[in-house]
Amino acid sequence: MTHAETEQDPPGLPAPPPLGTSALPAGTYDGRVVLVTGGGTGLGKAIGAEFARLGAELMIVGRTAARLEAARRELTDIAGTRVATAVCDIRDPGAVAGAFDACEAALGGRPDVLVNNAAANFPVAAEELSPNGWRAVVDSTLTGTWFMTREFARRHLAARTPGSVVNVGASYAWTGGPGFVHSAAAKAGVKNLVETLAVEWGPYGIQVNGLVPGLMPHEDMTADIRGALARAPLHDARQPALRVGHPRELGWAATFLASPYARFVSGHTLVVDGANWQRRVLVNDPVVPVREQLGRGPFAE
C-alpha cells in the first residue's frame, strides 16, 4: 500500500524536523565565532542555539545580565561550545565597540558572523506616538543595527577578512505597519541597509542578508503579542501554512545564510513565514481604524 493509502497527513505545510536537528553538516561552524544581539531571549536565543549545534562559539549581547547568564548556561549545554556574554546598549557606539572587544578577549577573535536581532517595539496609534517613543524604537531597531554592522565591517575591512551579516527584519518593511509606524519605518531602513551594504562591502568579502520571521510563538513573547494571540486563539487557521512557525526554523535559515553554502547570496531578505505576508483575500474586510483596534477613544490633545 502507498503512503497515501495508509496515512493521512494533516493539512497545510508539514511540520519541521524535531528540535535538535541541524540543517547543515555537523561542524559547519567549527572554529567560527558568531555574535547575536538580543541573544539572551526568544528568537535571538533560538538562532544562537542552531549556530552552536553546528560548532560555533557564541557571543550573545543584550541589556540584562541575568537573562544573558541564563541563556549562556542553556546554550552551553546544547553543544558544549564556548558562550560568552556582554551587556551592551547597541544605541551607544562606545558600548558597541566594547562588546566587540569583549568578544575578541573571551573567544580569541573577531566574530565571523553578526546576527542583528535586537529591536524594540510596541503597538501605538501613530498620532499618539511621543518623540521619546519614536526615538526608543528607531534608535534600537535601526540605529543600533547600523552601529553593530559598522563596527563589524570596520574590523573586517582593517584585517582584510571576510564576514557575514544577517539582519532580522519584518515583513512590514514592504507593506507598511499600521499600529507600528515606528517599527515599520525602522525595519524598512534595516532592509535597505541589507541591499546597500551588500553592494558596498561585497568587494571586500562581506555578505549582508536579511531574515524575516513569521509568527513563531515562544516563551519570551511580549505581553501585547500574547494578548493578541489570546484574542485570536485559532491563529494556526489564520496562516496559509495552517500552522505557526517554530523558532528553530528561523535558526536554520540564519545558519544557511551565513554559511559557506550561501556565499553567492547577498543583498537578499529571506522571509520565513509560510507565505503569510503575501496572503490576500478576494474581498477585504471592513476597515477598522487602528485607534479602535487598540481600544482608544476619540483623539484629544
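The structure we're discussing is the one just above.
Remember, predicted model here, so these are calculated numbers, not experimental data.

Caption draft 1: Representation of the environment of Glu128 within the structure. Among the structural elements, Glu128 can be located in the loop between β4 (113–116) and α5 (131–159). Each C-alpha atom of the pair Glu128 and Arg291 lies 9.6 Å from the other, and the pair is 163 residues apart in sequence. Beyond its immediate stretch of four places on either side in the chain, Glu128 contacts Arg291, Arg296 and Phe299. Within polar-contact distance, the side chain of Glu128 engages the side chain of Arg291 at 3.0 Å.

Caption draft 2: Structural context of the packing of aromatic side chains. This model, assessed by the stated rule, comprises three aromatic pairs. Each ring, one from Tyr172 and one from Phe180, has its centre 6.2 Å from the other, and the planes form 25 degrees; the classification is stacked. Classification of Tyr172 as buried rests on a relative accessible area of 18%. Phe180 gets classed as partly exposed once you look at its relative accessible area, which sits at 24%. With 4.8 Å between their ring centres and 25 degrees between their planes, Trp174 and Trp277 make a pair best called stacked.

Caption draft 3: A look at the pattern of salt bridges. Under the counting rule described, the total for this entry stands at 15 salt bridges. As a salt-bridge pair, Arg291 and Glu128 come within 3.0 Å of each other at their nearest N and O atoms. Of this pair, Arg291 sits in helix α10 (residues 290–293) while Glu128 is found in the loop between β4 and α5, placing the two residues 163 residues apart along the sequence. Judged by its relative accessible area of 28%, Glu128 falls in the partly exposed class. Its salt-bridge partner being Glu128, residue Arg296 comes within 3.0 Å of it at the nearest N-O pair. Within this pair, whereas Arg296 is found in the segment after α10, its partner Glu128 is found in the loop between β4 and α5, the two being separated by 168 residues in sequence. Each of Asp101, Glu104, Glu151 and Arg155 takes part in one network of salt bridges that share partners.

Caption draft 4: Quick peek at helix α2 (residues 42–53). Counted at 1.5 Å a residue, the expected span for α2 with its 12 residues is 16 Å, and the 17 Å between its end C-alpha atoms agrees. Most of α2 is tucked away, with 11 of its 12 residues classed as buried.

Caption draft 5: Looking closely at the state of the cysteines. In this structure the tally under the stated criterion is zero disulfides. Free cysteine Cys88: the closest other cysteine sulfur is in Cys103, separated by 12 Å. Judged by its relative accessible area of 0%, Cys103 falls in the buried class.

Caption draft 6: Layout of the packing of α2 against helix α3 (residues 65–79). Contact geometry for α2 and α3: axes closest at 8 Å, N-to-C directions at 30 degrees. Between α2 and α3, the angle falls in the class roughly parallel. Considering only the axes of α2 and α3, their crossing is right-handed. Two secondary-structure elements touch here, α2 through Lys45, Gly48, Ala49, Ala52 and Arg53 and α3 through Ala71, Glu74, Leu75, Ile78 and Ala79. Here the contact of α2 with α3 is composed, by residue class, of six nonpolar, one polar and three charged.

About the thresholds
- Residues numbered from 1 in each chain as written.
- Predicted model: local features only at pLDDT ≥ 70, side-chain atom pairs only at ≥ 80, totals over all residues.
- Heavy atoms only, no water.
- Helix = DSSP H or I, 4+ residues; strand = E, 2+ residues; numbered from the N terminus.
- Contact = heavy atoms within 4.5 Å.
- Polar contact = N/O pair within 3.5 Å; in protein donor to acceptor, adjacent residues only side chain to side chain.
- Phe/Tyr/Trp six-rings, centres within 6.5 Å; stacked < 30°, edge-to-face > 60°.
- Buried < 20%, exposed > 50% of the residue type's maximum accessible area, 1.4 Å probe, protein only.
- Salt bridge = Lys/Arg side-chain N within 4 Å of Asp/Glu carboxyl O.
- Expected span 1.5 Å × (residues − 1).
- Disulfide = S-S within 2.5 Å.
- Axes fitted to C-alpha atoms, helices over the stretch in contact; angles between N-to-C directions.
- Parallel < 35°, antiparallel > 145°, perpendicular 65-115°, else oblique.
- Left-handed = near helix turned anticlockwise from the far one by under 90°.
- Nonpolar A, V, L, I, M, F, W, Y, C, P; charged D, E, K, R; others polar.

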